[in-house]
Amino acid sequence: MSLESYVSKRNFDSSPEPRGTERVLGTKNRLVFVIQKHSARVLHFDLRLELNGVFKSWAIPLGPSLDPKVKRLAVEVEDHPLSYGGFEGVIPSGQYGAGSVIVWDRGTWHPETDPSSSLALGKIKFRLNGERLRGNWSLIRTRQHATQPQWLLVKLQDDEASTTVDVVSAFSNSVLSNESLATIGRLPDFIEPKLPSLTKSAPSGDVWLHELKLDGYRMQAHWGADHVRLLTRARIDWTSRFGNLANALSKLPRDIVKCCVQKTLN
Ligand code: MN
């Protein structure tokens with residue numbers, strides 16, 4: 001297993017997704033799972049099961065069903081780094097998987113048999129202990145010929161099974177932040193700027209750099225739907241005073257700007 005495919009598909013200068021390395025997250029008896037809801041070209045749910053230092057991953061177009069009679073298509077995709085398990089945010093347009101991602105469920109998974117050999121054989125039964133999904137499930141690889149292996153995710157009969165609850169519509173927000181796909185990554189209306197405080201002497205030491213204060217105004221640029229607004233540190237709109245600047249800024253790619261601000265805020 002390796003993250004080569006994961007890394008080769010992405011540009012980490014433009015996408016806020018974690019670069020990640022292979023490592024062990026859970027212990028041998030405690031493997032982590034996560035399901036992310038992802039509004040890419042087509043909305044889908046990404047099931048990720050920790051195994052041997054990475055997340056084995058499947059994209060499930062319709063999401064999981066609690067009804068044992070319902071089989072949900074799960075397309076095997078590239079392994080993801082374990083650091084991806086906490087990822088929520090907006091993958092900029094033009095990037096692989098562009099769209100919003102939220103963590104829809106997370107917890108531990110418990111394979112009934114040796115997970116590596118069961119997955120290689122194309123049939124695995126496991127228990128989920130998540131915030132929304134629990135009980136016994138199975139993944140079965142079909143004989144369908146396709147570019148990526150096709151599996152079916154099926155709920156097994158137990159107390160957690162239900163023919164009446166549609167778990168996908170019952171829970172739509174993130175279990176981490178309670179954000180929805182629409183609100184995740186939305187930028188604040190204003191970011192309180194850091195202000196200097198008065199002291200009697202300047203700090204010294206190698207960690208400090210001193211420079212002359214140049215006169216001017218500290219401005220915040222906000223990218224709206226169709227225009228850029230410039231705000232002073234006291235939140236006063238000075239766009240009209242710096243029209244040229246607002247114009248020039250509005251020509252920067254919006255997604256790139258959003259991505260940079262998001263990284264700064266995080
Ligand atoms: Mn996805």
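The shown structure was predicted, so the numbers you read here are calculated from the model rather than taken from an experiment. (Residues numbered from 1 in each chain as written. Predicted model: local features only at pLDDT ≥ 70, side-chain atom pairs only at ≥ 80, totals over all residues. Heavy atoms only, no water.)

## Brief notes about the coordination of the manganese ion
The manganese ion binds to the protein through His38 (ND1), His44 (NE2) and Asp46 (OD); the donor distances cover 2.2 to 2.4 Å. Residue classification places His38 among the buried residues on the basis of a relative accessible area of 8%. (Donors = N, O, S within 2.8 Å, 3.2 Å for Na, K, Ca; no water. Buried < 20%, exposed > 50% of the residue type's maximum accessible area, 1.4 Å probe, protein only.)

## Observations concerning the nonpolar core
Side chains of a nonpolar character, in soluble globular proteins, are inclined to be buried together. Ranked by size, the top nonpolar core spans 24 residues in total, and within it Leu47, Leu49, Trp58, Trp109, Phe126, Leu133 and Leu139 carry the most contacts. Those residues in contact with Leu139 that sit more than four places away from it in its chain are Leu47, Leu49, Trp58, Ala74, Gly122, Lys123, Ile124, Phe126, Trp151, Leu152 and Leu153. (Core = buried A, V, L, I, M, F, W, Y, C linked by side-chain atoms within 4.5 Å. Contact = heavy atoms within 4.5 Å.)

## With respect to the packing of aromatic side chains
Taken as a whole, this structure holds 9 aromatic pairs when the rule is applied. An angle of 90° between the planes, with centres 5.8 Å apart, marks the rings of Tyr6 and Tyr84 as edge-to-face. In this pair, Tyr6 sits in helix H1 (residues 4-8) while Tyr84 sits in the loop between strand S4 (71-81) and strand S5 (89-91), placing the two residues 78 residues apart along the sequence. Here the two residues Tyr6 and Tyr84 agree in accessibility, since each one is buried. Three or more aromatic residues link up through ring pairs in this structure, and these residues are Tyr6, Phe12, Tyr84 and Phe87. A cation over a ring is seen here: Arg132 above Trp104, with NZ or CZ 5.6 Å from the ring centre. Between the NZ or CZ atom of Arg241 and the centre of the ring of Trp238, over which it lies, the distance is 4.1 Å. (Phe/Tyr/Trp six-rings, centres within 6.5 Å; stacked < 30°, edge-to-face > 60°. Helix = DSSP H or I, 4+ residues; strand = E, 2+ residues; numbered from the N terminus. Lys NZ or Arg CZ within 6 Å of the ring centre and 35° of its normal.)

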